[in-house]
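Spelled out, the chains give:
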Amino acid sequence: MKKLIIAEKPSVAKNIAEALNIKSRSDGYLEGDNYIVTWVFGHLLQLYDVVDYDEKLKGWRLENFPFIPSEFQYKIKSKNNERGVIDAGAQKQVNTIKNLVLRSDVDSVISATDYDREGQVIADEIFLYLSIQKPIFRLLLNEWTPDEVLKGLDCVCLNSEMQSMQDAGFGRQIADWLIGINLTSVATVKYKNSNNSKVLNIGRVLLPTLKIIYDRDKEIESFESSKYYKLISFNKTEKGEIIEATYAEDDNEKFEDIAILQAIENEIKGKSVIVFDKQVERKKEYPPYLFNLSNLQGYVTSKYKGWTSDKVLKVAQELYEKKLITYPRTASSVLDESLTEKVNKVLDILKKGLPYESEIQFSTSKRIFDSSKVESHSAIIPTYIMPGKITPDEDAVYQAVKNRFIMQFLPVAESEETKLSMRVLDSSIKGEFVSKGKVQIAEGWKIVEKITTKETILPLVEQDEKLEITKSEIGEVVRKPPKAHSEKTLLRVMETCGKNFEDDQSEEMMISILTGFSIGTPATRAETIKKLRDVGYIESKGKNLVCTELGIMLVETFPVKELFDLEYTGKLEKTLSDIERKKFNKQDFLDLIVEFTKKSVSDIKNDIVFGSKIVLPDTVEIIGKCPECGNPIIETEKAFGCSNWKNGCKFTIWKNDKFIESFGKKINADVVRILLEKGRVGFRGLLSKKGNKFSAYFKYVKDTEKGNYSWSMEFIDENKSN
Ligand SMILES: [Zn+2]
């Protein structure tokens, strides 16, 4: 009997076949004595479109939404950019897989898609679609080298053990469908006007990311330029060398008021300083941690021109499929402790021939191996396979990964920092002049990328030495506005969900990232940034990312505010992680999403289009202010209504209102005026059905569910005086 292996990509299937020494190739699969290896190419299936559930729902109409299918179904995916046209290649491959599964000499199936949520779903949706009855196993690997493939096939687990990962994957897919399809359709129809006929893409991860960029744009816009001053003295040693020093009071050397410094400058003329304190400190500098995906993307996009994080992920994916690096879509920056032996072997192979080979030494330091900071995948490292022919792009990413790996096993870099504190002699000046120097003592790991540190070498001066002030000057420094986001800084904010960590190499941050409280996952962030650009919400200016007009309008006027709330989105993302960790139930999560979708659709439907301000000619009498949109209420032939009706405001009070008429009263301008101003209007002499007279207040109340208005009545007890 044979086992059928399904890989996520043809290239990975090839790697597996090579490891198993399978050479016979057929149409859509490779076959050996014990194994058949076939493949998918990412998702071959997709969730039904709305119209697939019901032909009548064709075309986007507001009344069709919210649309919540009672059961989600899959179909063969459509061709790229051609809705409704079946992708023939996908169809063919699904048939191939189906026929292979049904073969009588196949006794079981092994899912060998990527070891992550998306990989799990890519295979599981096919198993579901084909309702496979044979036993299904799961191969979980972090790299596709022959050694690992053979080892992995010896210890496959039951695919059913991956239930929680499947739940998180399907949960993610369905949540994004519900929010994306419903809100995009309703928003596009609702806000379509002459200025904007584009599809308004609304998504769970898209909008909070847009908000991050928007906030930075606003910060820059509202930045008020300011300046400060510094006083610098030039002090001559006994040997005639000059030491530059900056004036400081209580460790502060920035002065808003130039007059303070001018007074001091006058006072120090012709005087001397004495070195009253000399501190020399040796500092250790550790290499930056191994790469997780965000850090790799940040590193490459800021080092090379024209790279996007999306491109970095694509290239890293190629390297992974070529067996040269480990699984790239990871959030961890350290390695699992079980990998020490393997890593030692990789290091032995990769260090050969490097100019600093003799300095490289394997280590099991906690900065490299720490299982407590690994969540399913370790940091990205090279494998034991040396690259053959690879493209320049692949080489750029490979070198970055390899160098970062090698650095960990070189000595720490060390520098010596000197701080001289000087007091002005024969004066009452309360501050001091400070001079700092830094010298690299040991280059250590910095040799790998030839990182040079700015050195300020101070002349040798001892404590209590006197120096003569030969010159001084006041420098003006203009404070700079914050910088626009680059892909590197944006990825960091998405990763930490807006939390600021002073040290971006801190353990606290590494642990925070692993909780899953973030915007998107390592696998999806690059795609989100790309999509923001593609749909026209942001644009690139050099390395800067800034909002477009459309993006700004969306943030400022789109009524579903939760989608711009980092905290809200972070929680949703964390809930998905919690499902994967069996701490949250998929159905509970989907119930929340359904509720959110319904409420959001209703909010959009009831929204008054994009804050329009109506200006009326002076001749028109204004009765009051619209409670919906704040625009003037005016009288028409049959009603009192909102002048903003063209933009969708439907607030109306009918003159021939049946309810009011049933009490023998009529709606007129005075009634509406009082109602709008006070929120209620009192009537005396109302007639009950039995013919009794009574008094009551009337309110015009909005049904928050349906969005329409109706009257409510409150009796006035005539015996009580108000
Ligand atoms: Zn209105």
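Let us look at the structure shown here. Nothing here was measured: the structure is a model prediction, and the numbers come from that model.

1. Looking at the sheet that holds strand β25 (residues 693-702)
Step number 1: The 3 strands are arranged β24-β25-β26 in an open sheet whose pairing can be described as antiparallel. Two strands close off the open sheet at either side, each with one partner strand: β24 (681-687) and β26 (709-715). Taking each pair of neighbouring strands and ignoring which way they run, the sheet shows an average axis angle of 40°.
Step number 2: Inspection of the sheet shows β24 paired to β25 by 5 bridges, in the antiparallel sense.

2. Structural notes on the pattern of salt bridges
Step number 1: Counting across every chain of the model gives 54 salt bridges.
Step number 2: With its nearest N and O atoms 3.0 Å apart, the salt bridge here joins Arg204 to Glu573. With Arg204 in the loop between α6 (163-190) and α7 (206-221) and Glu573 in helix α17 (residues 566-580), this residue pair connects regions lying 369 residues apart in the sequence.
Step number 3: One continuous salt-bridge network, built from bridges that share partners, spans Arg117, Glu118, Arg172, Asp176, Arg204, Glu573 and Glu580.

3. A word on the packing of helix α9 (residues 293-303) against helix α13 (residues 487-496)
Step number 1: Running from amino to carboxyl end, α9 crosses α13 at an angle of 165°, the nearest separation of the two axes being 8 Å. As far as their axial angle goes, α13 and α9 are roughly antiparallel. Regarding α9 and α13, the two cross each other, and that crossing is left-handed. Contacts from Ser294, Asn295, Gln297, Gly298, Thr301 and Ser302 in α9 reach Glu487, Lys488, Leu491, Arg492 and Glu495 in α13.
Step number 2: Residues of the contact of α9 with α13, tallied by class, amount to 1 nonpolar, 6 polar and 4 charged.

4. Focus: the pairing of strand β18 (residues 538-541)
Step number 1: Here β18 runs beside strand β19 (residues 544-547); their pairing, made up of 4 bridges, is antiparallel. When the bridges of β19 are listed, Glu539 appears paired with Val546.
Step number 2: Between β18 and β19, which pair antiparallel one after the other, the connecting turn spans 2 residues, and Gly542 there sits at a positive phi close to 65°.

5. Overview of the side chain of Lys446
Step number 1: The residue Lys446 is located in the loop between β16 (432-442) and β17 (466-478) in this model.
Step number 2: Since its relative accessible area comes to 3%, Lys446 is described here as buried.
Step number 3: Of note is the side chain of Lys446, whose polar atom sits 3.0 Å from the side chain of Glu285.
Step number 4: In contact with Lys446, other than residues within four places in its own chain, are Glu285, Ala413, Gln440, Ile451 and Thr453.

Rules used throughout
- Residues numbered from 1 in each chain as written.
- Predicted model: local features only at pLDDT ≥ 70, side-chain atom pairs only at ≥ 80, totals over all residues.
- Heavy atoms only, no water.
- Pairing = 2+ DSSP bridges.
- Helix = DSSP H or I, 4+ residues; strand = E, 2+ residues; numbered from the N terminus.
- Axes fitted to C-alpha atoms, helices over the stretch in contact; angles between N-to-C directions.
- Salt bridge = Lys/Arg side-chain N within 4 Å of Asp/Glu carboxyl O.
- Parallel < 35°, antiparallel > 145°, perpendicular 65-115°, else oblique.
- Left-handed = near helix turned anticlockwise from the far one by under 90°.
- Contact = heavy atoms within 4.5 Å.
- Nonpolar A, V, L, I, M, F, W, Y, C, P; charged D, E, K, R; others polar.
- Buried < 20%, exposed > 50% of the residue type's maximum accessible area, 1.4 Å probe, protein only.
- Polar contact = N/O pair within 3.5 Å; in protein donor to acceptor, adjacent residues only side chain to side chain.

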